[in-house]
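Single-letter residue listing:
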Amino acid sequence: MAKPIPRIGSRRNGRIGSRKSARRIPKGVIHVQASFNNTIVTVTDVRGRVVSWSSAGTCGFRGTRRGTPFAAQAQTAAGNAIRTVVDQGMQRAEVMIKGPGLGRDAALRAIRRSGILLSFVRDVTPMPHNGCRPPKKRRV
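Residues numbered from 1 in each chain as written. Predicted model: local features only at pLDDT ≥ 70, side-chain atom pairs only at ≥ 80, totals over all residues. Heavy atoms only, no water.

Student: Would you mind showing me how to read the overall build of the chain here?
Tutor: Along its length, the chain carries 3 helices and 5 strands. Helices and strands appear in the chain in the N-to-C order β-β-β-α-α-β-α-β. Looking at the 140 residues of the chain, the share that counts as buried comes to 34%. Considering only intrachain contacts with a sequence separation of at least 6, the fraction spanning at least 24 residues in the chain is 60%. (Helix = DSSP H or I, 4+ residues; strand = E, 2+ residues; numbered from the N terminus. Buried < 20%, exposed > 50% of the residue type's maximum accessible area, 1.4 Å probe, protein only. Contact = heavy atoms within 4.5 Å.)

Student: How should the pattern of salt bridges be read in this particular structure?
Tutor: Counting across every chain of the model gives 3 salt bridges. Salt-bridge contacts for Asp45 lead to Arg49; the nearest nitrogen and oxygen are separated by 3.0 Å. Take Asp45: its relative accessible area is 7%, and that puts it in the buried class. A salt bridge links Arg104 to Asp123; the shortest N-O distance between them is 3.5 Å. Of the two residues, Arg104 sits in helix 3 (residues 103-113) while Asp123 sits in strand 5 (residues 117-123), which places them 19 residues apart along the sequence. (Salt bridge = Lys/Arg side-chain N within 4 Å of Asp/Glu carboxyl O.)

Student: Hey, could you run me through helix 2 (residues 77-87) in this one?
Tutor: An α-helical segment advances 3.6 residues per turn. Residues three or four places apart therefore align on the same side. All buried positions along helix 2 are accounted for by Ala77, Ala78, Gly79, Ala81, Ile82 and Val85. For helix 2, the secondary structure elements touched by its buried residues are strand 2 (39-45), strand 3 (50-55), helix 1 (69-72) and helix 3. Looking one or two residues past helix 2, Gly89 carries a phi angle of roughly 100 degrees, positive in sign.

Student: Looking at this structure, I do not really get unusual backbone geometry. What am I missing?
Tutor: Of all residues except glycine, most have a negative phi; of all peptide bonds, most are trans. Although it is not a glycine, Asn130 adopts a positive phi angle of roughly 55 degrees. Position of Asn130 relative to the elements: it lies in the segment after strand 5. Relative accessible area serves as the criterion here: at 75%, Asn130 is assigned to the exposed category.

Student: Looking at this model, I keep getting lost on the packing of aromatic side chains. Mind explaining?
Tutor: Working definition: an aromatic ring pair is given by the centre-to-centre distance plus the angle between the planes. Applying the stated criterion across every chain yields a total of 1 aromatic pair. With 6.0 Å between their ring centres and 80 degrees between their planes, Phe61 and Phe70 make a pair best called edge-to-face. A relative accessible area of 14% places Phe61 in the buried class. (Phe/Tyr/Trp six-rings, centres within 6.5 Å; stacked < 30°, edge-to-face > 60°.)

Student: Help me out: how do you make sense of the sheet that holds strand 4 (residues 92-98) in this one?
Tutor: Pairing between sheet strands relies on hydrogen bonds along the backbone, with the strands arranged either parallel or antiparallel. Taken together, 5 strands build an open sheet; the order of strands is 3-2-1-4-5 and the sheet is mixed. Looking at strand neighbours, the two that pair on one side only are strand 3 and strand 5, the edges of this open sheet. Taking each pair of neighbouring strands and ignoring which way they run, the sheet shows an average axis angle of 15 degrees. Looking at chain direction, strand 2 and strand 3 are connected through 5 bridges and run antiparallel. Looking across to strand 3, one finds that Val43 is bridged to Ser52. Packed onto the sheet, helix 2 meets strand 2 and strand 3 and runs at close to 155 degrees relative to strand 3. In this fold helix 3 packs onto strand 1 (27-34), strand 2, strand 4 and strand 5, with an angle of close to 165 degrees to the strand it touches most, strand 5. (Pairing = 2+ DSSP bridges. Axes fitted to C-alpha atoms, helices over the stretch in contact; angles between N-to-C directions.)

Laid out in structure tokens, this is it:
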């Protein structure tokens, strides 16, 4: 007869999720990843742990409308991610913008309107130094 394995930290203790609301973040980093198809806004603390995130897709936009500036703006992707961290006490933030998408300016406008003081805005789009060889030309 096998012995039952003791369960440590099960859901019945009430420990899961209790720490989540206790964290207060005065300073953080807002990452905006704007591709042609979607805009993802992730808010982290200074150490890089994700506090909140949102995207145009999770806000209900589907298909080609996810890549539009309106989908990235205040009442949608950027607004949802920032609203939760403002409630947790974030006052200062750094902004890292990555990608060539249409939502990058709209997301930055929404972040400025939220009332968080921005220490700097940095473009971290990866640029190849003539890295990979392109595929061969199509012959039709």
